[in-house]
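What the coordinates show
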Amino acid sequence: MKTFRCSCDNKQLLFFESSSCVSCQRVVGLDDAFNKVEPYDFDEESGCYFKARRPAARYQKCDNNADYNVCNGMVNLDDLVPEDGNDEVLCFACRFNETVPDLSIVEHIPLWKKMEAAKRRALYTLKALSLPLRNLRQDPENGLSFDFTTDRDVNDHFVSKLDYSESVFTGHDCGHITINLAEADDVARSQTKHAMNERYRTLLGHFRHELGHYYFDQLIVGSERKHALSKEYFGDDELDYQESLKKYYENKPADNWRDEFISEYATMHPYEDWAETWAHYMHIMDTLETAKNFSITGSITGDAADAEETDELNLPQDSKFFYSQTSITSVLDAWMEFSVILNSLNRSMGMNDAYPFVLSQPVREKISFIHHAIHNKFSLIKSSELGR
Ligand SMILES: [Zn+2]
Ligand SMILES: [Zn+2]
Ligand SMILES: [Zn+2]
């Protein structure tokens, strides 16, 4: 993720989540292009916002920004297509929402804000990679949508079941992604993390995992050739899912699961292996973009002679970071080096490793397959990686 600069005299640093500039106090936000946080001036007369460099275009805050401050979306009123019987003004990211949490319960609002922050970050990387991103209105058949809801009581950190609510399961179903609001509650999520013996559980991870399922359908399943190729890396995803799920919870995976899989959960079914690996690809791309943004330098050799000429972290093809020309080998090599730095920084703060995972050769090959699937460049997969 990049950071941004305000246009005011202080050139104030702005973050992806910023909604105002602390120097000039102007409203800042993201429009539908979804790639730049920038300031907006307010025009008293029209009651609209505008960008100084483009004064003719009128903007309004997204309703979820204006009413609940859960996003920093700005909507270009000239591009807004009114919908019959719906006068909502929603930003690019909020238009994917089918169900938002029950807002009559005020405690849900800060949790919803965390949901939106994670969703927006996940969407940003997808957009940067030029992946198809259509909501249900744009594509009723294959569009993407989100439900943020819960069947539990926020007041006891989602322990008690609500009598009136149907069960809510985090998951993906034909483009429809449900995330239980409990996952936005630090206490509830950490309890589940410990109960499931997981080393990493975050809201952003949930979004990226479920989005992985969506893109498996979008990029792979429709093509017999691509689907057959995917089975070479992830195994036969047509295996009975319920059966695999039952087996996974009955017998723990073999001790050497790390040789082939990125996480324990990935061993459950090829479908989950794809989603877990997809999520890691997104984590890696986002985090390396952040490192690049801050020009993080690194030398991890520990050798005094080498340390003298501390190299810039060798990030792949600067300006084409999200393009297919970027070599996945250089991305993964940079990641190996950077994840050590990342974990060491965390240890200095007395925290657990930010990236407690190992990328074995088979896992690197799976990530490489996903990289080529995203860019539809299967022909670039090295022949040595095939026929495993
Ligand atoms: Zn400013
Ligand atoms: Zn919004
Ligand atoms: Zn899954």
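In the annotation of an unreviewed UniProt entry, the protein chain is listed under the name Zinc-ribbon domain-containing protein and assigned to Zhongshania aliphaticivorans.

The next thing to look at is the pattern of salt bridges. This structure, assessed with the given rule, holds 24 salt bridges. Residues Arg208 and Asp286 are paired through a salt bridge, measuring 2.9 Å at the closest nitrogen-oxygen approach. Here Arg208, found in helix 4 (residues 203-221), pairs with Asp286, found in helix 7 (residues 270-293); they are 78 residues apart in sequence, far enough to count as distant. Classification of Arg208 as buried rests on a relative accessible area of 2%. For Asp286, a relative accessible area of 3% corresponds to the buried category. What you see here is one network of salt bridges that share partners, running through Asp31, Lys36, Glu38, Lys51 and Arg53.

Applying the stated criterion across every chain yields a total of 27 aromatic pairs. On the numbers, 6.4 Å between centres and 80° between planes, the contact of Trp274 with Phe369 is edge-to-face. Of the two residues, Trp274 is situated in helix 7 and Phe369 in helix 10 (residues 361-374); the sequence distance between them amounts to 95 residues. Of the residues examined, Trp274 reaches a relative accessible area of 1% and is grouped as buried. An aromatic cluster is built from Tyr214, Tyr215, Phe216, Tyr233, Phe234, Tyr241, Tyr271, Trp274, Trp278, Phe369 and Phe378, whose rings are joined through pairwise contacts. Directly above the ring of Phe92 sits Lys127, whose terminal nitrogen or CZ lies 5.1 Å from the centroid.

Between its terminal C-alpha atoms helix 9 (residues 328-348) stretches 30 Å, which fits the 30 Å expected from 21 residues at 1.5 Å a residue. For helix 9, the complete set of buried residues consists of Ile328, Val331, Leu332, Ala334, Trp335, Phe338, Ser339, Ile341, Leu342, Asn343 and Asn346. Contact partners of the buried residues in helix 9: helix 7 and helix 10. For helix 9, the N-terminal capping position is held by Ser327, with its side-chain oxygen 3.3 Å away from the main-chain nitrogen of Thr329. Note on helix 9: the residue one or two positions beyond its end, Gly350, has a positive phi of about 70°.

Feature annotation in UniProt assigns "domain: Zinc-ribbon" (unreviewed entry) to the following positions: residues 4-104. Annotation note: span residues 4-104, helix share 6%, strand share 33%, distance between end C-alpha atoms 35 Å.

So, about the coordination of the zinc ion (ligand 1). The coordination sphere of the zinc ion (ligand 1) contains the protein donors Cys6 (SG), Cys8 (SG), Cys21 (SG) and Cys24 (SG), at a distance range of 2.3 Å. For the zinc ion (ligand 1), the 4 donor atoms in the first shell make angles of 102 to 115° at the metal, so the coordination geometry reads as tetrahedral. The sequence pattern describing where the donors of the zinc ion (ligand 1) fall on their chain is C-x1-C-x12-C-x2-C. Placement of the pair is Cys6 in the loop between strand 1 (4-5) and strand 2 (13-14) and Cys24 in the loop between strand 2 and strand 3 (27-30), with a sequence separation of 18 residues. The exposure class of Cys6 is buried, given its relative accessible area of 1%.

Calculation notes
Residues numbered from 1 in each chain as written. Chains lettered and ligands numbered in written order. Predicted model: local features only at pLDDT ≥ 70, side-chain atom pairs only at ≥ 80, totals over all residues. Heavy atoms only, no water. Salt bridge = Lys/Arg side-chain N within 4 Å of Asp/Glu carboxyl O. Helix = DSSP H or I, 4+ residues; strand = E, 2+ residues; numbered from the N terminus. Buried < 20%, exposed > 50% of the residue type's maximum accessible area, 1.4 Å probe, protein only. Phe/Tyr/Trp six-rings, centres within 6.5 Å; stacked < 30°, edge-to-face > 60°. Lys NZ or Arg CZ within 6 Å of the ring centre and 35° of its normal. Expected span 1.5 Å × (residues − 1). Contact = heavy atoms within 4.5 Å. Polar contact = N/O pair within 3.5 Å; in protein donor to acceptor, adjacent residues only side chain to side chain. UniProt positions renumbered as here; feature names shortened; annotations may be inferred. Donors = N, O, S within 2.8 Å, 3.2 Å for Na, K, Ca; no water. Tetrahedral: all angles 85-135°; square planar, octahedral: opposite > 155°, others 65-115°.

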